[in-house]
Amino acid sequence: LLLVAVLLGGQAYAQTVNLANGDPSRGVTLLPDSLAFADESTALTYNPAGLGRVGPWNLIYVHERSQTRSLVGNALFGAGSMGDLFALGAGVNAITGAGNLTKLSLGTSFGPQAFSGGASLNWLVNGDTKGMVVLDLGLQSRPVRWLAFGATVRNVNAPTNGAGLMLPREWGLGVGLRPFEEVVTLGVDWYFPEQRLVETSRLQYTAKATIVRGLRVSAGVSHGFVPQTPLAFHAGLGIDLENVGYT
């Protein structure tokens, strides 16, 4: 059971890097995580290649309430792996208030820790992105225990809807370190779209630490490369009681 409280982070998007770019398809705010070491059922959002690391099963429930934007979000993620070679995951995001969004997701991953690949398919059934189907792809490699690499392509099909809204294709590259077993995880991720690379790309720095057994903190900072891009920060506290989670 994983009970997580999001302490800072004011908009309903996937993680730190999305707090500033306003992607309408990302879903509820999750705790900061890296492309390289995402290894829970929420890897369905971060990097689907990480689903293979979840173990026999993993379930996380997320609740978010944004007073500044009058939004309430709920999400449920579940995944399970067969050994270290194959995994399946599913997720439901529901946001109500000033910006409605319902997203249904299915994902899978193949391959061992040394090199794995994954994919997630997302159906957006209401809100501004109603009718869109989004494909995300990911790769993950852990050549040694303390070092990992990750890569993603989000919105692979660059979908559009009848209102002219398009979700542009976005690439991500990440590297992660676990210098002290599972106690500390550090990550640096670079997210960049195919167009306007410098103006809209962002770096995200992530740190997770286990304070005592069953209690961990997560923090993320993200910035761009032009003055107009704001700095984003959010953090959270998690209580880990094995395989089920609440945020």
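Everything below is about the structure shown above.
Keep in mind that this is a model prediction, so the values were computed, not measured.

Engineer: Looking at this structure, I do not really get the pattern of salt bridges. What am I missing?
Structural biologist: When the charged atoms of two side chains lie near each other, side chains of opposite charge can form a pair. A complete count under the given rule lists 8 salt bridges for this structure. Across the salt bridge formed by D39 and R142, the nearest N and O atoms sit 3.8 Å from each other. Pair noted here: D39 is in the loop between α1 (18–21) and α2 (43–46) and R142 is in strand β7 (residues 133–144), with a separation of 103 residues, a long-range link. Among the residues examined, D39 registers a relative accessible area of 17% and is labelled buried. Among the residues examined, R142 registers a relative accessible area of 11% and is labelled buried. Among the salt bridges present, the one from R169 reaches E194, with a minimum N-O distance of 2.8 Å. You can see R169 sitting in the loop between β8 (147–154) and β9 (170–177) and its partner E194 sitting in the loop between β10 (184–193) and α3 (197–200), a full 25 residues away along the chain. The class of E194 is partly exposed, set by a relative accessible area of 45%. Linked through salt bridges whose partners overlap, the residues forming this network are D39, R142, R178 and E182.

Engineer: Help me understand the environment of G174, please; the structure alone is not making it clear to me.
Structural biologist: One can find G174 in strand β9. When its relative accessible area of 12% is taken as the criterion, G174 is described as buried. Along the backbone, G174 and F149 are 25 residues apart, and their C-alpha atoms lie at a distance of 5.7 Å. Beyond its immediate stretch of four places on either side in the chain, G174 contacts L35, A36, A148, F149, G150, V188 and D189.

Engineer: Help me understand the pairing of strand β5 (residues 101–110), please; the structure alone is not making it clear to me.
Structural biologist: Looking along a regular strand, one sees side chains alternate from face to face of the sheet. Where strand β4 (residues 86–97) meets β5, 10 bridges bridge the pair, whose relative direction is antiparallel. In the strand pairing of β5, I95 is matched with L101.

Engineer: Would you mind going over the packing of aromatic side chains with me for this structure?
Structural biologist: For any pair of aromatic rings, the description consists of the separation of the ring centres together with the inter-plane angle of the planes. Using the criterion set out here, one finds 2 aromatic pairs in the structure. Plain terms: the ring middles of F86 and F110 are 5.1 Å apart, the flat faces sit at 45° to each other, and that makes the pair tilted. With F86 in strand β4 and F110 in strand β5, this residue pair connects regions lying 24 residues apart in the sequence. Between W190 and F192, the ring centres sit 4.3 Å apart and the planes meet at 35°, which makes this aromatic pair tilted.

Conventions used here
- Counting from 1, residues in each chain are numbered in the order their sequence is written.
- Under the rules for a predicted model, residues below a pLDDT of 70 receive no local features and side-chain atom pairs below 80 are neither given nor counted, while totals for whole chains, interfaces and linings still include all residues.
- To obtain the side-chain values, all non-hydrogen atoms of the structure were used and water was disregarded.
- Any Lys or Arg side-chain nitrogen located within 4 Å of an Asp or Glu carboxyl oxygen qualifies as a salt bridge.
- Helix and strand labels come from DSSP, where a helix needs a run of H or I of at least four residues and a strand needs a run of E of at least two; each type is numbered from the N terminus.
- Throughout, exposure labels follow a simple rule: accessible area from a 1.4 Å probe, protein chains only, divided by the maximum for the residue type, with under 20% read as buried, over 50% as exposed, and the rest as partly exposed.
- Note on definitions: a residue-residue contact is assigned when non-hydrogen atoms from the two residues lie within 4.5 Å.
- For two strands to pair, DSSP has to find at least two bridges joining them.
- Whether two aromatic rings pair depends on their centres lying within 6.5 Å, for rings of Phe, Tyr and Trp, where Trp uses its six-membered ring; planes under 30 degrees apart make the pair stacked, over 60 edge-to-face, and the rest tilted.

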